[in-house]
Amino acid sequence: KQEVTQIPAALSVPEGENLVLNCSFTDSAIYNLQWFRQDPGKGLTSLLLIQSSQREQTSGRLNASLDKSSGRSTLYIAASQPGDSATYLCAVLPSGTYKYIFGTGTRLKVLA
Amino acid sequence: DGGITQSPKYLFRKEGQNVTLSCEQNLNHDAMYWYRQDPGQGLRLIYYSQIVNDFQKGDIAEGYSVSREKKESFPLTVTSAQKNPTAFYLCASSIDGGPSYGYTFGSGTRLTVV
């Protein structure tokens, strides 16, 4: 059974710091992995989608990598800003299904 | 602009009452999903629908019901059989179930039992 883990559960960093959020999954048979951002009391906003055949995807200050063989993905945020404060969730889509499995998220706080 | 609209944003339910949460999308997506989010837990799948007039139970379907009579609409009813309904409910859609473009989410409905 696919399981998705995100560590740490919470993280505080000073503004301007580069940071990495981690996501691990137990079964490498996936279609893709999607990173989301969630602000308090809001829905999920898609940040990046990495297909199983890709190694990384970039959008602005965000870069997501995928290592299927080791069951790991990282979300790199460059030059963090207070506006980046939110909960970041990763989700994997197991091969042969159409239902994402979500991690519990990392709650990020960027201090001004 | 295309997107998913969930309403209402806040909903209060009395004990023993059924309530219905609305989810409408104008993305022309075939698949739609309902998730429940509780503090400290990941999203849990309640029901999903891959096509009009067809839907399947997710991991926590007990106490919930859905319908999919139109492609753009997937309402969720929380029945009195759901013993702990207080949670944040999220609706999502995808063009093909996720393999090509992933999911798009609505802004959520917070349900509170009073």
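Residues numbered from 1 in each chain as written. Chains lettered and ligands numbered in written order. Predicted model: local features only at pLDDT ≥ 70, side-chain atom pairs only at ≥ 80, totals over all residues. Heavy atoms only, no water.

Asks: I tried to follow the overall build of chain A on my own but got confused; where do I start?
Replies: Helix and strand content of chain A: 0 helices and 11 strands. Each helix and strand of chain A, placed in order from N terminus to C terminus, yields the pattern β-β-β-β-β-β-β-β-β-β-β. Taken over the C-alpha trace, chain A has a radius of gyration of 13 Å; the compact-globule value for 112 residues is 13 Å, and the two agree within 12%. Expressed as lengths along the three principal axes of its C-alpha atoms, the size of chain A is roughly 45 × 25 × 20 Å. A total of 112 residues make up chain A; the buried ones form 45% of that total. Carbon and sulfur atoms make up 49% of the accessible area of chain A, which totals about 5,300 Å². Side-chain charges of chain A comprise 10 positive and 8 negative groups, with the mean position of each set lying 6 Å from the other. (Helix = DSSP H or I, 4+ residues; strand = E, 2+ residues; numbered from the N terminus. Rg over C-alpha atoms; globule rule 2.2 N^0.38 Å. Buried < 20%, exposed > 50% of the residue type's maximum accessible area, 1.4 Å probe, protein only. Areas by Shrake-Rupley, 256 points an atom, 1.4 Å probe, with all protein chains shown as cover. Lys, Arg positive; Asp, Glu negative; His and termini not counted. Charge placed at Lys NZ, Arg CZ, Asp CG, Glu CD.)

Asks: Where do I start with the sheet that holds strand β1 (residues 4-5) of chain A in this structure?
Replies: Hydrogen bonding along the main chain pairs the strands of a sheet, whether they run parallel or antiparallel. All names here are of chain A. Reading across the sheet, the 5 strands line up as β1-β3-β8-β7-β6 and stay open at both edges, with antiparallel pairing between neighbours. On the outer flanks of this sheet lie β1 and β6 (56-59), each paired with one strand and no other. Bridge count for β1 against strand β3 (residues 19-25) is 2 bridges, and the pairing is antiparallel. Directly across from Thr-5, in β3, lies its bridge partner Ser-24. (Pairing = 2+ DSSP bridges.)

Asks: How do you make sense of the confidence of the model for chain B when you look at a structure like this?
Replies: Should the pLDDT be low somewhere, the predicted coordinates at that spot are not to be read in detail. Chain-level statistics for chain B give a pLDDT mean of 94 and a share of 99% at 70 or above. Averaged over each element, pLDDT in chain B is lowest for strand β2 (residues 10-13) of chain B (93) and highest for strand β7 (residues 64-66) of chain B (98). (pLDDT = per-residue confidence, 0-100.)

Asks: Looking at this structure, I do not really get the layout of surface pockets. What am I missing?
Replies: Taken as a whole, the largest pocket holds about 550 Å³ of empty space. In terms of lining residues, the largest pocket is bounded by 22 residues, among which A:Gln38, A:Thr87, B:Gln37, B:Pro39 and B:Gly40 are the most central. Looking at the lining of the largest pocket, the elements with two or more residues in it are β9 (86-94) of chain A together with β9 (87-94) and β11 (109-113) of chain B. The element best represented in the lining of the largest pocket is β9(A), accounting for 3 residues. Taken together, the residues that form the lining of the largest pocket break down as 8 nonpolar, 9 polar and 5 charged. In this structure, the second largest pocket spans a volume of roughly 450 Å³. Lining the second largest pocket are 20 residues, and of these A:Lys1, A:Gln2, A:Ile101, A:Phe102 and B:Asp59 sit closest to its centre. (1 Å grid on protein atoms, 1.4 Å probe; cavity = no way out; pocket = protein on both sides within 12 Å on 5 of 7 lines; lining within 4 Å. Points joined across faces, edges and corners; volume = space filled by probe spheres on them. Nonpolar A, V, L, I, M, F, W, Y, C, P; charged D, E, K, R; others polar.)

Asks: Just to check I follow, could you spell out the sheet that holds strand β1 (residues 4-7) of chain B for this structure?
Replies: Residues and elements named next belong to chain B. Ordered by their spatial adjacency, 4 strands build an open sheet running β1-β3-β8-β7, and the pairing between neighbours is antiparallel. Two strands in the sheet have a free side with no partner beyond their single neighbour: β1 and β7. Each neighbouring strand pair of the sheet contributes to a mean axis angle of 20 degrees, computed without reference to strand direction. (Axes fitted to C-alpha atoms, helices over the stretch in contact; angles between N-to-C directions.)

Asks: Just to check I follow, could you spell out the interface of chain B and chain A for this structure?
Replies: Interface size is commonly expressed as the accessible area that is lost once the parts come together. Facing 25 residues of chain B, the contacting portion of chain A comprises 20 residues. Of the roughly 1,600 Å² buried between chain B and chain A, counting both surfaces, carbon and sulfur atoms make up 57%. Of all residues in chain B, B:Pro99, B:Tyr103 and B:Phe105 bury the most surface against chain A, accounting for 31% of the area lost on that side. Summed over the shared surface of chain B and chain A, the result is 0 salt bridges. There are 11 residue pairs in polar contact (both at pLDDT 80 or more) connecting chain B and chain A. Counting only elements with at least two residues in the side of chain B that touches chain A, the list comes to β4 (31-37), β5 (44-51) and β9 of chain B. Of the residues belonging to the side of chain B that touches chain A, the class tally is 11 nonpolar, 11 polar and 3 charged. (Contact = heavy atoms within 4.5 Å. Buried area = accessible area lost by both parts, 1.4 Å probe. Salt bridge = Lys/Arg side-chain N within 4 Å of Asp/Glu carboxyl O. Polar contact = N/O pair within 3.5 Å; in protein donor to acceptor, adjacent residues only side chain to side chain.)

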